[in-house]
Amino acid sequence: MDSMDSMDLVAIPRFMGHNTDAHDQHLTTMNTQTTHLLSKLIAESKTRKKLRLSSQLDQSSDANVLKSDGITNDEASGEDIAEPNEGTHEDNSEEAEEDKQNEDIDEEMSEDMSEVVDTELDSNNFAIIGEVKKAKIIKLETITDKWITKPVIFERDIKNSKNLDEFSDVIDEQMMDLLSKNRINRLFPVQQQVIPYLVKCLNNSHIIRPKDVCVCSPTGSGKTLSFVIPIVQYLRKRVVTKVRVLVVLPVRDLAVQVFQVFHTYCQKTSLKVGLVVGHKSFDEECHSIVRKSVDGLNYHSLVDILVATPGKLVDLIQRADGFSLRHLEILVLDESDRMVSELQFNWLQEIESSVFGNNRKHHCFCSIDGTDNDSQLNRYHVSNECCCLNNRSVNSKPIHKILFSATLSTDPEKLKFISLFEPILFMVSSDPTSSTSGNTSNPTKHLVPEELKEFMIIAKEDRKPLIVWYLMEVLKYRKVLCFTGSVENSHRLYSLLKEMSGLVIAEFSSKLSAKRREKLLNRFVCEKIDLIICSDIFARGLDIDGINYVICYDPPRNETQYIHRVGRTARAGNQGTAITLVTPTQLSHFNIISRRIHKRSDCKDKSELQIEKMVVKESQLKPQLSKYKSALNKLSLYIKVDAKKKQIMKRNFKH
Ligand SMILES: Nc1ncnc2c1ncn2[C@@H]1O[C@H](COP(=O)(O)OP(=O)(O)OP(=O)(O)O)[C@@H](O)[C@H]1O
């Protein structure tokens, strides 16, 4: 073989055969040849790799130049070029969002591991043929919209709240009275920024089309009042009752909570608030929202503000006679990242069809980009063909969209379905020294409340129930909310702790009726229940008075889940503690989540970003070991009996 080309074959003798001299000599010659060929192959592979990398670099810089010129990759090349940090069109569920976060975490973990793997290979003296190391992924620079990189920034610390009197030019007297009656005497940082902005926007909405608003602020920072106050003040001037405001939330309990806040602040006004979450029969809910006129020819709306979950709202739009959103002016999406990830249920399209009636022909993407001035101009003069939320409703006012979340997604791939108009972003500062507006290098960074104390306990799986027992019985923790990874885990922990301790424990699940859940929560608030065990369905948005501790019995899958779970405590400027139980194998995953949440520009040492460890020694758990073992035995017996019962029921059902 004189010349080597890419198709050359290399024979590597694997079978050594008998150990004769001739054979040895032959082998030595073969080995020298093989080594020679291998080094040639490696050299060639390196050259090819270099060429490939440089051509990729050329492509990526071309793509960036094109993008900054306002030309998309698709337009430039006619092909789809996948960009890092962008979701795919199919990523519609929250799981997909979580999967993406999990993939990032996996990637970070594999980066951490790669050095270890390399040294292990070398130390074992393996012959390295060709490319052993993974080719480095070249990250293209992401071009982020200005509205995301230049948000209005406010402080995280709730201690920086301001007296209500300072806002007398924004908040009217009637509202001031209601606020002080409800013991709201100061405005929290997010409210100081968002309320004046929204009040001004809504007052001028008949002259200037308001910018759509996105708000990213930590859990318990008072986001609900930030939209309730301006909306109630604005609607108070209305004459005829029509559904002008729609607030959509992902789950029933949250919707009920927001409904109650609206109800409180609509007192002494003629405004009516409706709730559609399936808490009553369909007919009853319909009759509370819309009614036939006396002559039987028309329908009247009975509500000005409608609070709903997506599923029940779609039901109402499709089945309720006389219901329409033709007069909708404001659409609020609370927990918006979750709402956007639920778009696969078509709730947004249903809203559009209810707003535009039969004029709606197809789903429209007229406002994918929020920065291009020409397209903004066009959006003021949207053609008759346009039928997305960018257009005007029948009352000729465009729909003003307001999005809130503690973990707001600024992923343009997802937001484009909401068709945001010249959006403005309000977000909490991760840097305490920053001013009220400025550049942010990390627009998607989400924070936990300033008042939250965080700990982790490293323990084996079988010691975790004992640790919860220790925290409750020995350290006397009370008003504790404990999150597990599944309903089964909740039930298992509940049964074990009931056997082992004299604690008053409740298991909270979606199987419980709304009334029963409300009763349990009331007892918990009155300190008649020490511990509530639940799965993640209650991690978002629930505002339960005075939760002191959150225990993450199973560690969170990603930072979004962590932020919402621990956000049930340390609310409204109160102190709170979160403790996460992690097994040794889960530790590196959890450390990455912690690093991502606590990352600061001034901190270079990774270990500083890790959550503090709390140590519970085996000797401290010992006194309870025998009780724990007998509780485990009883539990396994229950599980067997349960499984048998299910089998019998299944058999009977078949016959
Ligand atoms: N200005 C204020 N003064 C005192 N308490 C307030 C004020 N604003 C809100 N609160 C209280 O703070 C608590 C948390 O408010 P809210 O539920 O609006 O938080 P959030 O930011 O929406 O949290 P999450 O992201 O978890 O839904 C509520 O009990 C609310 O009554």
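Nothing here was measured: the structure is a model prediction, and the numbers come from that model.

J.: Mind laying out the environment of M500, listing which residues take part and the relevant values?
T.: For M500, the location among the structural elements is in helix α16 (residues 487-500). Assessed through its relative accessible area of 2%, M500 is described here as buried. Each C-alpha atom, one on M500 and one on P465, is 9.6 Å from the other, the two residues being 35 residues apart in sequence.

J.: Lay out the pairing of strand β16 (residues 531-534) with the relevant residues and their values.
T.: Residues L531 and I533 point to one face of β16 and I532 and C534 to the other, with burial holding for every one of them. Note: strand β14 (residues 480-483) against β16, 4 bridges, orientation parallel. Bridge pairing in β16 links V480 to L531. Pairing of strand β15 (residues 505-508) with β16, which is carried by 4 bridges, proceeds in the parallel orientation. In the sheet register, F508 faces β16, and the bridge partner there is C534.

J.: Help me get a handle on empty space enclosed by the protein, residues and values and all.
T.: Empty space among the atoms can be located by rolling a probe the size of a water molecule over them. Enumeration according to the criterion identifies 7 cavities of 30 Å³ or more in this entry. The computed volume of the second largest cavity comes to approximately 80 Å³. In terms of lining residues, the second largest cavity is bounded by L202, S205, P210, Y234, E329, I330, K397, P398 and H400. A breakdown of the residues in the lining of the second largest cavity according to their chemical character gives 5 nonpolar, 2 polar and 2 charged.

J.: Got a sec to walk through the domain arrangement of the protein chain? Specific residues and values, please.
T.: Taken domain by domain, the protein chain comprises domain 1 (151-361 + 398-428) and domain 2 (452-647). Centre-to-centre, using C-alpha coordinates, domain 1 lies 33 Å away from domain 2. Listed as interface residues are 14 residues of domain 1 and, on the opposing side, 15 residues of domain 2. Broken down residue by residue, the surface that domain 1 buries against domain 2 is led by T219, D253 and T407, which jointly contribute 36%. The tally of links from domain 1 across to domain 2 stands at 3 salt bridges. Residues R540 and E335 are paired through a salt bridge, measuring 2.8 Å at the closest nitrogen-oxygen approach. Inspection of the domain 1/domain 2 interface yields 7 residue pairs in polar contact (both at pLDDT 80 or more). For the side of domain 1 that touches domain 2, the element with the most residues is helix α8 (residues 252-265), which contributes 4 residues. Split by residue class, the side of domain 1 that touches domain 2 holds 4 nonpolar, 5 polar and 5 charged.

J.: Account for the sheet that holds strand β5 (residues 245-248), with residues named and values stated.
T.: One open sheet holds the 8 strands; their spatial order is β1-β12-β4-β11-β10-β5-β9-β6, and the pairing between them is parallel. The sheet terminates laterally at β1 (152-154) and β6 (273-276), the two strands that pair on one side only. Neighbour-to-neighbour, the strand axes of the sheet open up by a mean angle of 15°, direction not taken into account. Lying over the sheet, α8 contacts β5, β6, β9 (305-308) and β10 (330-334), oriented at roughly 170° with respect to β6. Sitting on the sheet, helix α9 (residues 282-289) touches β6 and β9, and the angle it makes with β6 is about 160°.

J.: How would you summarise the pattern of salt bridges if you had to cite specific residues and measurements?
T.: By the definition in use, this model includes 20 salt bridges. The residue K464 makes a salt bridge to D554 at a minimum N-O spacing of 3.4 Å. Taken together, the residues span a long stretch of sequence, with K464 in helix α15 (residues 464-474) and D554 in the loop between β17 (549-552) and α18 (559-566) at a distance of 90 residues. For the pair shown, K464 and D554 are each scored as buried. Ionic pairing is found between R478 and D530, a salt bridge with its closest N-O pair at 3.5 Å. Linking R478 in the loop between α15 and β14 with D530 in the loop between α17 (514-525) and β16, this pair joins segments that are 52 residues apart in sequence. Among the charged side chains, a network of salt bridges with common partners joins E335, D337 and R540.

J.: With reference to specific residues and values, describe the site of the ligand.
T.: The immediate surroundings of the ligand are formed by 19 residues, with R186, G220, K223, T224 and D543 found nearest. Within the contact set of the ligand, an oxygen atom lies 3.2 Å away from a backbone nitrogen or oxygen of G222. Here T224 contributes a side-chain N or O atom positioned 2.7 Å from an oxygen atom of the ligand. Alone, the ligand offers 640 Å² of accessible surface; in the complex the protein occludes 82% of this.

J.: How would you summarise the packing of aromatic side chains if you had to cite specific residues and measurements?
T.: Counted according to the given criterion, the structure contains 6 aromatic pairs. Relative to F262, the ring of F227 has its centre 6.1 Å away and its plane inclined at 50°; by these criteria the two rings are tilted. Here F262 lies in helix α8 and F227 lies in helix α7 (residues 223-235), a separation of 35 residues in the sequence. Residue F227 shares its accessibility class with F262, and that shared class is buried. What makes F227 buried here is its relative accessible area of 0%.

J.: So what's going on with the pairing of strand β11 (residues 400-405)? Residues and values would help.
T.: Across a regular strand the side chains alternate sides, sitting on one face of the sheet and then on the other. Within β11, 6 of the 6 residues are buried, leaving the element largely enclosed by the surrounding structure. Neither face of β11 is left uncovered, since the one carrying H400, I402 and F404 and the one carrying K401, L403 and S405 both have all their residues buried. Summarising the sheet, strand β4 (residues 213-216) and β11 pair through 4 bridges and their orientation is parallel. What sits directly across from V215, in β11, is F404. Note that β10 and β11 share 5 bridges and pair parallel. Bridged to L333 within β11 is L403.

J.: I'd like a description of the sheet that holds strand β13 (residues 452-458), backed by residues and values.
T.: Here we have 7 strands laid out as an open sheet, ordered β15-β16-β14-β17-β18-β13-β19, and parallel in their pairing. The outermost strands of the open sheet, each flanked by one partner alone, are β15 and β19 (612-613). Pairing analysis gives 4 bridges linking β14 to β17, with the strands arranged parallel. Bridge pairing links F483 to C552 in β17. Contacts between α18 and the sheet are confined to β13, β14, β17 and β18 (576-582), with β17 contributing the most and set at about 150° to the helix.

J.: Go over helix α5 (residues 173-181), please, and point to the residues and values.
T.: Those residues of α5 that fall on the buried side of the exposure criterion are M175, M176, L178 and L179. Viewed end-on, α5 has its buried residues packed into an arc of 165°, placing them on one side of the element. Set apart from the buried face of α5 by more than 90 degrees, the exposed residues are E173 and K181. Its buried side turned inward, α5 meets α7 and α8. Positive backbone phi, at 60°, marks R183, one or two positions downstream of α5.

J.: Lay out the confidence of the model for the protein chain with the relevant residues and their values.
T.: When pLDDT is averaged along the protein chain, the result is 79; 72% of the residues meet or exceed 70. Per-element mean pLDDT across the protein chain ranges from 36 in helix α2 (residues 73-77) up to 98 in β9. Segment residues 58-94: pLDDT under 50, and 40 contacts once partners within four positions in sequence are set aside and those in other chains are kept. Scored below 50 in pLDDT, residues 113-123 shows 4 contacts in the model against residues more than four places distant or in partner chains. Across the predicted assembly, pTM comes out at 0.75 and ipTM at 0.99.

Each value, and the rule that gives it
Residues numbered from 1 in each chain as written. Predicted model: local features only at pLDDT ≥ 70, side-chain atom pairs only at ≥ 80, totals over all residues. Heavy atoms only, no water. Helix = DSSP H or I, 4+ residues; strand = E, 2+ residues; numbered from the N terminus. Buried < 20%, exposed > 50% of the residue type's maximum accessible area, 1.4 Å probe, protein only. Pairing = 2+ DSSP bridges. 1 Å grid on protein atoms, 1.4 Å probe; cavity = no way out; pocket = protein on both sides within 12 Å on 5 of 7 lines; lining within 4 Å. Points joined across faces, edges and corners; volume = space filled by probe spheres on them. Nonpolar A, V, L, I, M, F, W, Y, C, P; charged D, E, K, R; others polar. Domains from an automatic or database assignment. Contact = heavy atoms within 4.5 Å. Buried area = accessible area lost by both parts, 1.4 Å probe. Salt bridge = Lys/Arg side-chain N within 4 Å of Asp/Glu carboxyl O. Polar contact = N/O pair within 3.5 Å; in protein donor to acceptor, adjacent residues only side chain to side chain. Axes fitted to C-alpha atoms, helices over the stretch in contact; angles between N-to-C directions. Near = heavy atom within 4 Å. Areas by Shrake-Rupley, 256 points an atom, 1.4 Å probe, with all protein chains shown as cover. Phe/Tyr/Trp six-rings, centres within 6.5 Å; stacked < 30°, edge-to-face > 60°. Arc of directions from axis to C-beta. pLDDT = per-residue confidence, 0-100.

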